[in-house]
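Here is what each chain is made of, one letter per residue.
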Amino acid sequence: MLGVAIGDLRSRPVGFQREIELRVSAEDLPDLGLADDLEVQGQATNLGEEGIKVDLRVMTTLRRACARCLRDVELPVETDAEETYHESGDAPLITMDTIDLGPIIHEAVILAEPMRALCKPDCRGLCPRCGKDLNEGPCGCTDDDQDPRLAPLAKLLPPREE
Ligand SMILES: [Zn+2]
Ligand SMILES: [Zn+2]
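Residues numbered from 1 in each chain as written. Chains lettered and ligands numbered in written order. Predicted model: local features only at pLDDT ≥ 70, side-chain atom pairs only at ≥ 80, totals over all residues.

Visitor: Would you mind showing me how to read the overall build of the protein here?
Guide: Of regular secondary structure, the protein possesses two helices and six strands. Each helix (α) and strand (β) of the protein, taken in turn from the N terminus, gives the series β-β-β-β-β-β-α-α. The proportion of buried residues among the 162 residues of the protein is 14%. Considering only contacts in the protein between residues 6 or more positions apart, those separated by 24 or more positions represent 56%. (Helix = DSSP H or I, 4+ residues; strand = E, 2+ residues; numbered from the N terminus. Buried ≥ 20, exposed ≤ 12 C-beta atoms within 10 Å, placed from the backbone. Contact = placed C-beta atoms within 7 Å.)

Pasting the structure below:
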């Protein structure tokens, strides 16, 4: 729950806006795996009968493992989120003059996450045989000393790049 009080926004004229500014610590959003605080900036607009519309800019840094070498990678994320909150009927609802930004912030961060985290575009990854981080240098495994049990398969594989 990331509740934000909207105060008397509902009793203001249609179109009236109120700024939203929020900083949430990474520990308070453990499921997102953040490396840094999450910052939210935007506004809530009174739409009268239609409820309250929220437009947000969400900024944070994700901590992920490199898809090739498993090292920690920090991925800056900046994305938009919007939602309309209603007094009754369709969720999400305005409850006691408070709106919960948690679900839209979660969704925005998850959608903004890169498909594949890499520590650098040309990360060499781990040797599939000995596990050495090949960014630190070659490991000594050569194509010659393939596991003999896999040798028949090797013929089926396309030649390796490099
Ligand atoms: Zn890597
Ligand atoms: Zn190796």
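Visitor: Got a minute to help me understand the nonpolar core in this structure?
Guide: The nonpolar side chains of soluble globular proteins are, as a tendency, buried together. One finds V58 and I105 to be the most contacted residues of the largest nonpolar core, which totals 18 residues. The dominant element in this core, judged by the number of residues it contributes, is strand β4 (residues 52-65), at five residues. Non-local contacts of V58, meaning those with residues more than four positions away in its chain, are made with L38, V40, T79, A81, I105, A108 and V109. (Core = buried A, V, L, I, M, F, W, Y, C linked by C-beta atoms within 7 Å.)

Visitor: For this particular structure, what's the right way to read the environment of D55?
Guide: The residue D55 is located in strand β4 in this model. Separated by 25 residues in sequence, D55 and D80 place their C-alpha atoms 7.4 Å apart. Those residues in contact with D55 that lie beyond four places of it in its chain are G42, Q43 and E82.

Visitor: I tried to follow the sheet that holds strand β3 (residues 38-46) on my own but got confused; where do I start?
Guide: Strand pairing in a sheet relies on backbone hydrogen bonds. The paired strands run either parallel or antiparallel. Strand order in this open sheet of four strands is β2-β3-β4-β5, and the pairing throughout is antiparallel. Edge positions in the sheet fall to β2 (17-24) and β5 (72-85), since each has one partner strand and no second. Taken pair by pair, the neighbouring strands of this sheet meet at an average axis angle of 15 degrees, ignoring direction. Pairing geometry for β3 and β4, over eight bridges, is antiparallel. Along β4, the bridge assignment pairs G42 with L56. Running at roughly 135 degrees to β5, helix α1 (residues 102-112) makes contact with β3, β4 and β5 of the sheet. (Pairing = 2+ DSSP bridges. Axes fitted to C-alpha atoms, helices over the stretch in contact; angles between N-to-C directions.)

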